Amino acid sequence: MSTTAIPTNTKWWNGGRSPFNISYGKVMMWYFLMSDAFTFGAFLISYGTIRFSVNHWADPNHVFNAFPFAGHANLPLAFVSLMTFILIFSSVTMVLAVHEGHKMNRKGVEKYMILTILGGLAFLGCQAWEWTHMITGDHAVLVNGQIEHWGTTVTRNPWGPEVMHNGQLVGTPGPIAFGGYFFGITGFHGFHVFSGVIINLVMYIKTKLGHFDQRGHYEMIEKAGLYWHFVDLVWVFVFLCFYLV
Amino acid sequence: MSSHVSSPEITHAPEHASGTGRIWKIFWVLSALTIVELALGYFLYAKHGHLSYGLTLGTKLLIAALTLAKAYYIVSVFMHLGDEIRNMIMTIIVPLMLFVWFIAAFLWDGNSWKNLRNTNAGSRPAQTEQHAAPAVEKDAKP
């Protein structure tokens, strides 16, 4: 492996070489990811603006306190921690696949791509469970003096301030923006995870068919890896904005 | 052998460590940061309603700072941006600096919107803030 140090007086902008010392495909993947970062950023900032503009917002520790097979146990932060660690771990297996690609080790790339794909599918499974749990949830909400039972959807938010009604603590309707932002942003992120899994699957098949060995390099794995790490990066911020604060 | 150099325009291959030690180290760093974040999040939950406004805000800002640290490690090590040359790093990082103003301006705007609503655009004093009934364990099943 070449370990040439870069001469300090290299004239990057004189033509004949990439001023970024990186292939066209990778530069464009970076620029795509930058634009995608602005899209996600705009969504999250819009969510923050609305959240700052109302007096009461759903408390994430109350909304996201369930865990599969745990019944009604109150477990704030638990499930989302699991999802976060799944995604971090699949990011590690992805970077290990890139590493094996640098060494032209096809078997290694195959192994780590499979693990990455499984991580992505596990994350999507978790998200499917969480969405189902929220939409089909059953919360007593005081609406016009009557108790109704609501789940969290894009039109219904049962997480307004709690009030006493006939000796019971019940919810009131909160800003409907909550469901829209939650399902919109986690859905947009989940769709990125889904397309990442498809991309990784294609990369796995191409590795298996020996396309990258014929080409002489595994740069496609690096590009898919950039996308996959970006998905993890976005989740770090979704995790912060929706679940932690 | 610089097997990943695919084009004649690329004159210097970044050095790739032959071992995976650094990757696993960053994995543990990310895990540790996440655990600290979760601990702080749990602290906010456990002390809900008993913390001063400043302490709550401070804890949330600390969590946000830890998130930025995680983002730095993911981008720098996992995405190898830290191994690229300065030109490449700058073409990605400088545009993203717009977020600093983007976030500050919009959150300020949201907050101002709330104040205007609570005071009829300043024509009456703000009411004492309506908090949810101090979080009694919420299993208010019907």
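Quick caveat: nothing in here was measured; it's all calculated off a predicted structure. (Residues numbered from 1 in each chain as written. Chains lettered and ligands numbered in written order. Predicted model: local features only at pLDDT ≥ 70, side-chain atom pairs only at ≥ 80, totals over all residues.)

Engineer: Whenever I open this one, the packing of helix α5 (residues 177-208) of chain A against helix α7 (residues 219-244) of chain A confuses me. Can you help?
Structural biologist: The axes of two packed helices give the description: the angle between them and the distance between them. Residue and element names in this part refer to chain A. Look at α5 against α7: their axes get within 10 Å of each other, and the N-to-C directions meet at 160°. With respect to α7, the element α5 is oriented roughly antiparallel. The chirality of how α5 crosses α7 is left-handed. Contact residues: α5 offers Phe182, Ile185, Thr186, His189, His192, Val193, Gly196, Ile199, Asn200, Met203 and Lys206, while α7 offers Met220, Ile221, Ala224, Tyr227, Trp228, Val231, Val234, Trp235, Val238 and Phe242. Within the contact of α5 with α7, the residues separate by chemical class into 15 nonpolar, five polar and one charged. (Axes fitted to C-alpha atoms, helices over the stretch in contact; angles between N-to-C directions. Helix = DSSP H or I, 4+ residues; strand = E, 2+ residues; numbered from the N terminus. Parallel < 35°, antiparallel > 145°, perpendicular 65-115°, else oblique. Left-handed = near helix turned anticlockwise from the far one by under 90°. Contact = placed C-beta atoms within 7 Å. Nonpolar A, V, L, I, M, F, W, Y, C, P; charged D, E, K, R; others polar.)

Engineer: Just to check I follow, could you spell out the packing of helix α1 (residues 24-52) of chain A against α5 of chain A for this structure?
Structural biologist: Residues and elements named next belong to chain A. Interhelical geometry of α1 versus α5 gives an angle of 165° and a closest axis separation of 11 Å. Taken together, the axes of α1 and α5 are roughly antiparallel relative to one another. The handedness of the crossing between α1 and α5 comes out as left-handed. Note on element contacts: α5 touches α1 through Ala177, Tyr181, Gly184, Ile185 and Phe188, opposite Phe43, Leu44, Tyr47 and Ile50. By residue class, the composition of the contact of α1 with α5 is eight nonpolar, one polar and no charged.

Engineer: What's the story with the confidence of the model for chain B in this structure? I'm lost.
Structural biologist: In low-pLDDT segments, the atomic positions of the prediction should not be examined closely. Residues and elements named next belong to chain B. A residue-level look at chain B finds 77% of positions with pLDDT of 70 or above and a mean pLDDT of 82. Overall, residues 131-142 carries pLDDT values under 50, and its contacts beyond four positions in sequence, including any with other chains, amount to 18 contacts. Listed scores for the predicted complex are pTM 0.87 and ipTM 0.88. (pLDDT = per-residue confidence, 0-100.)

Engineer: What should I look at first to understand the domain arrangement of chain B in this one?
Structural biologist: Accessible area lost during the coming together of the parts is what is often quoted as the interface size. By the assigned domains, chain B splits into domain 1 (21-83) and domain 2 (95-120). Placing the centre of domain 1 of chain B and that of domain 2 of chain B at their C-alpha centroids yields a distance of 24 Å. (Domains from an automatic or database assignment.)

Engineer: Explain the pairing of strand β1 (residues 139-143) of chain A here, please?
Structural biologist: Each regular strand displays side chains that alternate between the two surfaces of the sheet. Residues and elements named next belong to chain A. As defined by bridge partners, β1 adjoins strand β2 (residues 146-150) across five bridges and the pair is classed as antiparallel. Across the sheet, the residue bridging to Ala140 is His149, located in β2. In this structure, the hairpin formed by β1 and β2 is closed by a connection of two residues, where Asn144 is found at a positive phi of approximately 50°. (Pairing = 2+ DSSP bridges.)

Engineer: Is there a simple way to explain the environment of Thr172 of chain A in this structure?
Structural biologist: Among the secondary structure elements, Thr172 of chain A is positioned in the loop between β4 (168-170) and α5. Apart from residues lying up to four places away in sequence, Thr172 of chain A is in contact with Val141, Leu142, Gly160, Pro161 and Val163 of chain A.

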